[in-house]
Amino acid sequence: MQADRPVVMPEDEVPFRLAQLLLLLDAVAAQDANGATLERIGYYDFLSANPFLVVPSEGRDASLLRLAGFDPQVLAYASSSQRFTSRRERIQHDLALLVAYGCCRVRNRNGSLTYSITEAGQELGGQFTATYATSFTTAAGIVVRQLRKLSDKRLREQTARWLRPDGPGGPAAALMSVLGPGPVLETSWEG
């Protein structure tokens, strides 16, 4: 292994992101045949890849996620907000590619553009056999089911809370559960 080679993350590869979006659009279609807006797809996409930001670590959905291979204590949750921003920036480009390939359609519904999977997209997505495809499909189904009930405004507000590093359910909580409490400073800030 060469030490000077950059680390390549799956999310950096266009085919991986397109495949993941197809699986997500299929999960959206199972909940809403009309599809979803670009903004919602951005939230669904990121939170499906990081489902324990949404799903409490106890309960039936959490058990299904664990069986699918997700772990609520993954250190990546500690940098969620930065990864969310960069991932959302790619969604429009990726959806445009899926539309160009005939795997996704875009419609104007009540003044908003919505995206939905086509039959060709469903056929292609049905051919994915990787374990990650099965895991992501499980997470996307759970996340879309929970989030589709929220208004756009409420979804934005709730996601902002989930991405905050502080708080008992925030990404820092997962990091702290792995690392333990930080060092206690003995310096007094009083004059």
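Computed from a predicted model, the values in this text were never measured in an experiment. (Residues numbered from 1 in each chain as written. Predicted model: local features only at pLDDT ≥ 70, side-chain atom pairs only at ≥ 80, totals over all residues. Heavy atoms only, no water.)

Engineer: Pulling in residues and values, what's your account of the overall build of the protein?
Structural biologist: The number of helices and strands found in the protein is eight helices and three strands. Traced from its N-terminal end to its C-terminal end, the protein shows the element sequence α-β-α-α-α-β-β-α-α-α-α. Looking at the protein residue by residue over its 191 residues, the buried ones come to 37%. (Helix = DSSP H or I, 4+ residues; strand = E, 2+ residues; numbered from the N terminus. Buried < 20%, exposed > 50% of the residue type's maximum accessible area, 1.4 Å probe, protein only.)

Engineer: Break down the packing of aromatic side chains for me, with residues and values.
Structural biologist: Summed over the entire model, instances satisfying the criterion amount to two aromatic pairs. Arranged with centres 5.5 Å apart and planes meeting at 35°, the rings of phenylalanine 16 and tyrosine 132 form a pair that is tilted. Here tyrosine 132 lies in helix α6 (residues 131-147) and phenylalanine 16 lies in helix α1 (residues 14-31), a separation of 116 residues in the sequence. By relative accessible area, tyrosine 132 is classed as partly exposed at 33%. (Phe/Tyr/Trp six-rings, centres within 6.5 Å; stacked < 30°, edge-to-face > 60°.)

Engineer: Give a description of the state of the cysteines that names residues and reports values.
Structural biologist: Inspection of the entire model under this criterion finds zero disulfides. Just so you know, cysteine 104 is unpaired, no disulfide at all, and the nearest cysteine sulfur is the one on cysteine 103, 8.4 Å from it. Take cysteine 104: its relative accessible area is 3%, and that puts it in the buried class. (Disulfide = S-S within 2.5 Å.)

Engineer: Can you tell me about the sheet that holds strand β2 (residues 104-109), naming the residues and giving the values?
Structural biologist: Spatially, the three strands line up as an open sheet ordered β1-β3-β2, and their pairing is antiparallel. Where the open sheet ends on each side, the last strands, each with one partner, are β1 (36-37) and β2. Pairing analysis gives six bridges linking β2 to strand β3 (residues 112-117), with the strands arranged antiparallel. Counted as the bridge partner of asparagine 108 is leucine 113 from β3. Each of β1, β2 and β3 touches α1; the most contacted strand, β3, lies at about 105° to it. (Pairing = 2+ DSSP bridges. Contact = heavy atoms within 4.5 Å. Axes fitted to C-alpha atoms, helices over the stretch in contact; angles between N-to-C directions.)

Engineer: Before we move on, could you go through the confidence of the model for the protein and cite the residues and values that matter?
Structural biologist: The predicted model of the protein has a mean per-residue pLDDT of 81, with 75% of residues at 70 or higher. The spread of mean pLDDT over the elements of the protein runs between helix α8 (residues 171-179), the lowest at 46, and helix α5 (residues 119-125), the highest at 96. Counted against residues more than four places away or in other chains, residues 174-191, with its pLDDT under 50, gives 10 contacts. (pLDDT = per-residue confidence, 0-100.)

Engineer: Kindly report on unusual backbone geometry, identifying the contributing residues and their values.
Structural biologist: Phi at asparagine 110 takes a positive value of approximately 55°, unusual for a residue other than glycine. For asparagine 110, the position within the fold is in the loop between β2 and β3. By relative accessible area, asparagine 110 is classed as exposed at 78%.

Engineer: Account for the nonpolar core, naming residues and giving values.
Structural biologist: One finds Leu24, Ile41, Leu47, Leu95, Leu98 and Leu147 to be the most contacted residues of the largest nonpolar core, which totals 41 residues. Those elements that place two or more of their residues in this core are α1, α2 (38-49), α3 (60-67), α4 (80-100), β3, α6 and α7 (152-163). Sequence-distant contacts of leucine 147, defined by excluding residues within four places in its chain, comprise Arg40, Tyr44, Leu47, Val54, Leu155 and Trp162. (Core = buried A, V, L, I, M, F, W, Y, C linked by side-chain atoms within 4.5 Å.)

Engineer: Account for the environment of leucine 25, naming residues and giving values.
Structural biologist: Locating leucine 25 in the fold gives a position in helix α1. For leucine 25, a relative accessible area of 1% corresponds to the buried category. Between the C-alpha atom of leucine 25 and that of alanine 140, which follows or precedes it by 115 residues, the distance is 9.0 Å. When sequence neighbours within four positions are dropped, the list of residues in contact with leucine 25 reads Ile41, Leu95, Leu98, Cys104, Tyr115 and Ile117.

Engineer: Run through the pattern of salt bridges, naming residues and quoting values.
Structural biologist: This structure, assessed with the given rule, holds five salt bridges. We note a salt bridge from arginine 145 to aspartate 61, for which the minimum N-O separation is 2.6 Å. Of this pair, arginine 145 sits in helix α6 while aspartate 61 sits in helix α3; the two residues are 84 residues apart in sequence, bridging distant segments of the chain. (Salt bridge = Lys/Arg side-chain N within 4 Å of Asp/Glu carboxyl O.)

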